[in-house]
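Each chain is listed here by its residues.
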Amino acid sequence: MTSPPLNVTQRMPVLARRPQLMPAEWGRHDATWLAWPHNVRDWPGRFGPIPWVYAEIVRNVARGETVRLLVQDADEERKVRKLLGRAAVPLENVELRRARTDRVWTRDSGPIFVLKDGTKAVAGFRFNAWAKYPDWRHDARNPERAAKALGVPLLPAVRDGRAVVLEGGAIDVNGQGTILTTEECLLDPEVQVRNPGFGRAEYEAVFGEMLGATHTIWLGKGIAGDDTHGHVDDLARFVSPRMIVLCRETNPNDANHRPLEENRERLEGARLQDGSRPEVVYLPMPAPVAFDGQRLPASYANFYLCNAAVLVPTFDDPNDRIALGILAELFRDRPVVGIHALDLVWGLGTLHCLSQQEPRAA
């Protein structure tokens with residue numbers, strides 16, 4: 001399935017009470033947005049297997065929903081179509097959309113969808129490459145492009161007269177009014193500052209207005225090796241309206257041990273939007289993954305929930321089996337599929353980082 005080039009596990013009953021809401025990821029999707037990998041600088045020395053890893057991801061997602069796959073141009077489209085065919089991807093469920101991108105981390109640069117009065121819209125958050133990298137101008141157009149392509153509203157995210165920067169990996173929602181995020185990512189006053197001068201009150205106002213999240217759970221720091229400076233989708237995720245999975249490192253000598261224990265203590269005292277306590281389930285961490293002397297952000301929490309499966313990054317580690325088993329117990333309505341991610345994580349992200357869900361309208 002090809003569209004013209006671009007020029008520019010539950011639906012929550014509370015939708016009627018919240019005119020604008022970001023649904024939980026486990027709800028039914030109309031599509032998943034991905035961008036085909038092309039920037040070899042993101043995987044220096046290890047780019048070769050990356051397109052094949054992507055083909056495996058596309059194949060699994062396309063079993064249950066449309067994949068809206070961004071490609072650079074007509075030449076790349078022809079190459080991608082051929083590779084996907086070789087990988088037995090159901091091409092009838094893949095839309096190849098021509099749009100220039102800088103990188104492929106669609107969770108952060110792609111469209112964050114909300115339902116407004118029961119209809120689909122795109123929350124118009126600004127993207128600036130994690131306040132770290134200079135190449136972001138193509139990616140920053142992704143929300144506008146998606147809204148135009150689908151013919152849905154682009155809702156401006158503005159606070160105090162300023163466009164608000166927010167990446168999808170910085171947040172996780174339960175679809176009923178509670179959002180997870182970290183202080184390290186959003187409140188650090190000196191490192192990778194997305195919105196200078198913003199504090200808790202400003203972010204919580206934006207979360208309520210743009211995403212329907214009236215309650216925020218603030219965790220502390222993210223995991224070692226994360227160049228986003230604390231994205232929550234590498235450490236804690238909602239798996240149901242009242243349940244959160246949290247990564248836990250049992251080795252006291254590991255760099256992740258103390259931050260994850262602090263986050264565990266925070267969640268033990270946390271409340272959801274209705275005042276109840278969340279149930280917390282622990283995911284293990286793989287052994288440290290490093291390449292070329294650099295610690296990488298390997299985490300089982302970076303799974304992606306699509307209609308046909310739960311896609312989980314694996315790292316040739318004994319804890320792969322344990323993590324897959326825990327998630328299989330939590331998601332009985334779809335299979336849990338491991339995706340080999342040792343090459344992928346050299347790009348400093350894995351499955352959740354590269355995907356963005358488009359929810360089905362109510």
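None of these values were measured; they are calculated from a predicted model.

Participant: So what's going on with the overall build of the chain? Residues and values would help.
Facilitator: For the chain, the helix and strand inventory stands at 9 helices and 21 strands. Its C-alpha atoms give the chain a radius of gyration of 19 Å, within 12% of the compact-globule value 21 Å for 362 residues. Along the longest, intermediate and shortest principal axes, the C-alpha atoms of the chain span 50 × 45 × 40 Å. Taking all 362 residues of the chain together, 61% fall into the buried category. As displayed, the chain has an accessible area near 13900 Å², and 50% of this comes from carbon and sulfur atoms. Taken as two groups, the 45 positive and 47 negative side-chain charges of the chain have centres that lie 4 Å from each other.

Participant: Pulling in residues and values, what's your account of the nonpolar core?
Facilitator: Ile-57, Leu-69, Leu-84, Val-94, Leu-180, Phe-303 and Leu-344 are the most contacted members of the largest nonpolar core, which has 86 residues in total. With 8 residues, helix H1 (residues 50–62) is the single largest residue contributor to this core. In this structure, Val-114, Ile-171, Cys-185 and Met-210 belong to the second largest nonpolar core, which totals 24 residues.

Participant: Give a description of the environment of Arg-248 that names residues and reports values.
Facilitator: When you line up the elements, Arg-248 lands in strand S14 (residues 243–248). Arg-248 gets classed as partly exposed once you look at its relative accessible area, which sits at 30%. The residues touching Arg-248, leaving out its near neighbours within four places in the chain, are Leu-260, Glu-261, Arg-264, Tyr-282, Leu-283, Pro-284 and Met-285. Among the polar contacts listed, one links the side chain of Arg-248 to the side chain of Glu-261, at a separation of 2.9 Å.

Participant: Before we move on, can you summarise the pairing of strand S2 (residues 29–35) with the specific residues and values?
Facilitator: The buried count for S2 comes to 6 of 7 residues, which makes it a mostly enclosed element. In this structure, S2 lies alongside strand S21 (residues 356–359), joined through 4 bridges in antiparallel fashion. When the sheet's bridge partners are listed, Ala-31 is paired in S21 with Glu-358. In terms of strand pairing, S2 meets strand S3 (residues 66–71) through 5 bridges, oriented parallel. Across the sheet, the residue bridging to Thr-32 is Val-67, located in S3. Handedness of the S2-H1-S3 crossover: right-handed.

Participant: Residues and numbers for the sheet that holds strand S13 (residues 236–240), please.
Facilitator: Spatially, 3 strands are ordered S13-S14-S15 in an open sheet, and the strand pairing comes out mixed. Two strands lie at the open edges of the sheet, namely S13 and strand S15 (279–284), each paired on one side alone. With direction set aside, neighbouring strand axes in the sheet form an average angle of 35°. With 4 bridges connecting them, S13 and S14 associate as antiparallel partners. Across the sheet, residue Ser-240 finds its bridge partner in S14, namely Met-243. Relative to S14, helix H8 (residues 257–268) is tilted by about 160°, and along the sheet it contacts S14 and S15. Sheet strands in contact with helix H9 (residues 319–330) are S13, S14 and S15, and its direction is about 155° off that of S15.

Rules used in this analysis
Residues numbered from 1 in each chain as written. Predicted model: local features only at pLDDT ≥ 70, side-chain atom pairs only at ≥ 80, totals over all residues. Heavy atoms only, no water. Helix = DSSP H or I, 4+ residues; strand = E, 2+ residues; numbered from the N terminus. Rg over C-alpha atoms; globule rule 2.2 N^0.38 Å. Buried < 20%, exposed > 50% of the residue type's maximum accessible area, 1.4 Å probe, protein only. Areas by Shrake-Rupley, 256 points an atom, 1.4 Å probe, with all protein chains shown as cover. Lys, Arg positive; Asp, Glu negative; His and termini not counted. Charge placed at Lys NZ, Arg CZ, Asp CG, Glu CD. Core = buried A, V, L, I, M, F, W, Y, C linked by side-chain atoms within 4.5 Å. Contact = heavy atoms within 4.5 Å. Polar contact = N/O pair within 3.5 Å; in protein donor to acceptor, adjacent residues only side chain to side chain. Pairing = 2+ DSSP bridges. Right-handed = clockwise from strand over helix to strand, strands pointing away. Axes fitted to C-alpha atoms, helices over the stretch in contact; angles between N-to-C directions.

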